[in-house]
Every structure is written in structure tokens, then in C-alpha cells.
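The chain contents come next:
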Amino acid sequence: MRVTLLGHGRLGSAIAEGWRLTGAVSDPTILTRAVPPVCPPETQALVVAVKPAAWREAVAPLLATLPVDAVVVSVMAGVLADDLAAAAPGRPVARVMPTTAVAQGQGVAAIWSADEPARALAHRLFDPIADTVDLDEEAMLDAATAVAGSAPAFFYALAQALAAAGVEAGLTQDAAERLTRGALRSAGSGAGTDASLEDLIARIASPGGTTRAGLDALVDADLNGAGAAAVQAAVSRAQALARGD
Ligand SMILES: NC(=O)C1=CN([C@@H]2O[C@H](COP(=O)(O)OP(=O)(O)OC[C@H]3O[C@@H](n4cnc5c(N)ncnc54)[C@H](OP(=O)(O)O)[C@@H]3O)[C@@H](O)[C@H]2O)C=CC1
Ligand SMILES: O=C(O)[C@@H]1CCC=N1
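The residue count restarts for each chain, going from 1 along the sequence in the order it is written. Here every chain gets a letter starting at A, and every ligand a number starting at 1, in the order they are written. Totals for whole chains, interfaces and linings use all residues, but because this is a predicted model, local features are given only for residues with pLDDT of at least 70 and pairs of side-chain atoms are given and counted only at 80 or more.

The cut-off we apply is this: UniProt positions are given in the numbering used here, feature names are shortened, and annotations may be inferred rather than shown by experiment.
In the annotation of an unreviewed UniProt entry, the protein chain is listed under the name Pyrroline-5-carboxylate reductase and assigned to Brevundimonas staleyi. UniProt, in its Function (unreviewed entry) section for the protein chain, records the words "Catalyzes the reduction of 1-pyrroline-5-carboxylate (PCA) to L-proline."

1. Focus: the site of ligand 2
This is how the line gets drawn: Whether a residue is near a molecule or strand depends on its C-beta atom, placed from the backbone, lying within 6 Å of it. In this classification, Asp, Glu, Lys and Arg are treated as charged, Ala, Val, Leu, Ile, Met, Phe, Trp, Tyr, Cys and Pro as nonpolar, and every other residue, Gly included, as polar.
In the neighbourhood of ligand 2, the contacting residues comprise Ala77, Thr145, Gly149 and Ser150. Here the residues of the shell around ligand 2 are counted per class, giving 1 nonpolar, 3 polar and no charged.

2. Digging into the nonpolar core
Test applied: Here, a nonpolar core denotes buried Ala, Val, Leu, Ile, Met, Phe, Trp, Tyr and Cys residues that are linked to one another through C-beta atoms within 7 Å. Every C-beta atom is placed from the backbone, and the number of other C-beta atoms within 10 Å of a residue's own sets its class: buried at 20 or more, exposed at 12 or fewer, partly exposed in between. As annotated, the domain borders come from an automatic or database domain assignment. Working definition of a contact: two residues with C-beta atoms, positioned from the backbone, lying within 7 Å.
Residues Leu46, Val47, Val48, Val73 and Val96 are the most contacted members of the largest nonpolar core, which totals 58 residues. Two domains each donate at least three residues to this core, and these are domain 1 (3–136) and domain 2 (151–241). Those residues in contact with Val73, other than ones at most four positions away along the chain, are Ala45, Leu46, Val47, Val48, Ala94, Val96, Ala122 and Leu125.

3. A short note on the pairing of strand β3 (residues 45–48)
Put simply, the test is: In this text, helices come from DSSP runs of H or I with a minimum length of four residues, and strands from runs of E with a minimum of two, each type numbered from the N-terminal end. For two strands to pair, DSSP has to find at least two bridges joining them.
Neither face of β3 is left uncovered, since the one carrying Ala45 and Val47 and the one carrying Leu46 and Val48 both have all their residues buried. Summarising the sheet, strand β1 (residues 3–6) and β3 pair through 4 bridges and their orientation is parallel. Among the inter-strand pairings, Leu5 is bridged to a residue of β3, identified as Val47.

4. Remarks on the pairing of strand β4 (residues 71–74)
Spelled out, the test is: Seen with its strands pointing away from the viewer, a crossover is right-handed if its path from the first strand over the helix to the second goes clockwise.
Taking every second residue as pointing to the same face, both faces of β4 are buried, with Val71 and Val73 on one and Val72 and Ser74 on the other. Two strands pair when backbone bridges link them, and β3 and β4 are joined in this way by 4 bridges, in the parallel orientation. Within β4, the position partnered with Val48 by the bridge is Ser74. The pairing of β4 with strand β5 (residues 93–98) spans 3 bridges and is classified as parallel. Across the sheet, the residue bridging to Val73 is Ala94, located in β5. Considered for its hand, the β-α-β crossover made up of β4, helix α3 (residues 81–87) and β5 is right-handed.

5. Section: the UniProt feature "domain: Pyrroline-5-carboxylate reductase dimerisation" (unreviewed entry) in the protein chain
Here, UniProt's "domain: Pyrroline-5-carboxylate reductase dimerisation" (unreviewed entry) annotation points to residues 138–240. Taken end to end, residues 138–240 is 82% helix and 0% strand, and its two terminal C-alpha atoms sit 15 Å from one another.

6. Quick notes on the sheet that holds β4
Our working definition: In this analysis an axis means a line fitted to C-alpha atoms, helices contributing only their contacting stretch, and an angle means the value between N-to-C directions, from 0 to 180 degrees.
With mixed pairing, 7 strands are arranged side by side in an open sheet as β2-β1-β3-β4-β5-β6-β7. Strands with a single pairing partner mark the edges of an open sheet, and in this sheet they are β2 (29–31) and β7 (130–134). The sheet shows a mean angle of 25 degrees between the axes of neighbouring strands, taken without regard to direction. The pairing of β1 with β2 spans 3 bridges and is classified as parallel. By the bridge assignment, Leu6 is partnered in β2 with Leu31. Helix α1 (residues 10–22) rests against β1, β2, β3, β5 and β6 (107–112) of the sheet, and its axis sits at about 155 degrees to β1. The sheet strands contacting helix α5 (residues 140–149) are β5 and β6, and the helix crosses β5 at an angle near 25 degrees.

As C-alpha cells, this is what we get:
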């Protein structure tokens, strides 16, 4: 497939790296500010990976060369398909919300499009580099952004809090950080299996043991409230971005 990738920052470069690693897309045209804004005439998909505040200015100069049958695939949080379609008239639009682990071919990506061929094209681009999850409604992308796109940072923040508490409990900073990062990797390897999250927890939490004590303390400290607050705040921010705030 002939792909033009607009934006080569944290996510754009991760997507390009995943395509290179898996061979899913060979030789994409990568548009940065440093190269002329021109789509090759054979472009079948324009993947837009710039910041929500920058996309209109970035897409506008491409319209002259973007084929009318190319699909616009946005990985941007809070940019509505109707707005993309209005900016690139006639082109079908798909929206994808990936994580940066696409760089290793191990991301997760929510996919939505009102147009079935565009959805299928988005799958061709992201199935090789992510576990793809189809969404029925565009509005669900905001929740997917919270629990997927943003969530790795939430897990890192929890790991940071645990490491800080480990230092309080007597570990050196270096030991606390290495041990906590290793624990995060261990959690990630469990998450890569078919086991349910409930089972993964049960495998570690011996009855009457340290893990159960810590889990109970997390719930007492309103773990569920903290998770809900993070998701609601991220969803609200995506909705605000969609309004142009
Ligand atoms: N980072 C993540 O984990 C995730 C990000 N996203 C989405 O991905 C999008 C990009 O985010 P992220 O990669 O973090 O942001 P970055 O700022 O890292 O990357 C954006 C890139 O777009 C470039 N850019 C801006 N304007 C133009 C232009 N006119 N032509 C070509 N390139 C341009 C920027 O260049 P310059 O630096 O010169 O301005 C920059 O390299 C966002 O919309 C975000 O919502 C979605 C899921 C996860
Ligand atoms: O923080 C952001 O807005 C983007 C979207 C999901 C992850 N990063």
C-alpha cells in the first residue's frame, strides 16, 4: 500500500518504525515541516499524526496533491471525522487511536470509521503493528483514548508513585526504580497472555499475603475513584479538543 505519513513526532515515528519492523508498509512518504507538503500521486492513505491544534494548517497544503480516492486516517485525539472530511472533501475518513508500542509491533489500537472500505484500510495499516479493537461509534474513541492512548502514562505514573513509596520504605532511588520498572515489565508480560485481569491478580495475591494487603489498601485509598477521575478527565479533554478549545 502507498502511504503518506504526515507528522513524524512521538507517535508518527513509532508508527513508521512499526511498519518498518513488520514490513507492513514499505517506504512510506514521510512529511515533516522540513520537506515540501506534497503527496505522491499514488497515495492510497494519508495518515495524519500531528497535534490536534496543528492539523488544519498541516493538511491544507496537501489537498492539491492528495488523490480524491485516498483515505484520510487520523490518529489524533479529539479531531472529529466530520471536520476531517470537510477539510479533505470527498476523501473517506477513518480514525485510529493507537499506543506508541506500535513501534515494536505490540501496540493496541481502537479503530472507527463510518465507511467500511476506509475501516478495512485502517485495519491493513494497524493490524500488523497492534491489537486492533473495532468501535461502533465515533464518540467511543474518546474513552479509547483514555484507556489506551493515554493509559500507558497512567501506568507509569502509578509505577512512579510505587517507586517513591519504596524509597520511603528504605530502598535507594536506583533500587526502587529498577525494581518497579521490572514489576511493570512483569505486569506487561502477563497482560500479553489470554488470562483475565482478575486471574492475573489472583495468581499473585496469595490469600492472607502481602499483595492482598496492598490491594485492599489501594481500594481503601480510592483506586477506583482515581481510575475514574483519570478517564473522565481525558475524555473531557478530548471533547474540548474537538470543540477547538
Ligand atoms: N504520543 C502518544 O502516545 C499518542 C499521540 N496521539 C496523537 O498523535 C498526534 C501526534 O502526537 P505526538 O506524536 O505525541 O506529537 P509530536 O508533537 O511528538 O509530533 C507531532 C509532529 O507533527 C509535526 N508537524 C506539525 N506540523 C506539521 C506540518 N505542517 N507538517 C509536517 N509535520 C508537522 C511536528 O513537527 P514540529 O516538532 O516541527 O512541530 C511533530 O514532529 C496527536 O494528535 C495525538 O493526539 C495518539 C495516541 C498516542
Ligand atoms: O496526550 C495526548 O493528548 C495524546 C493522545 C493520547 C496519548 N497522547
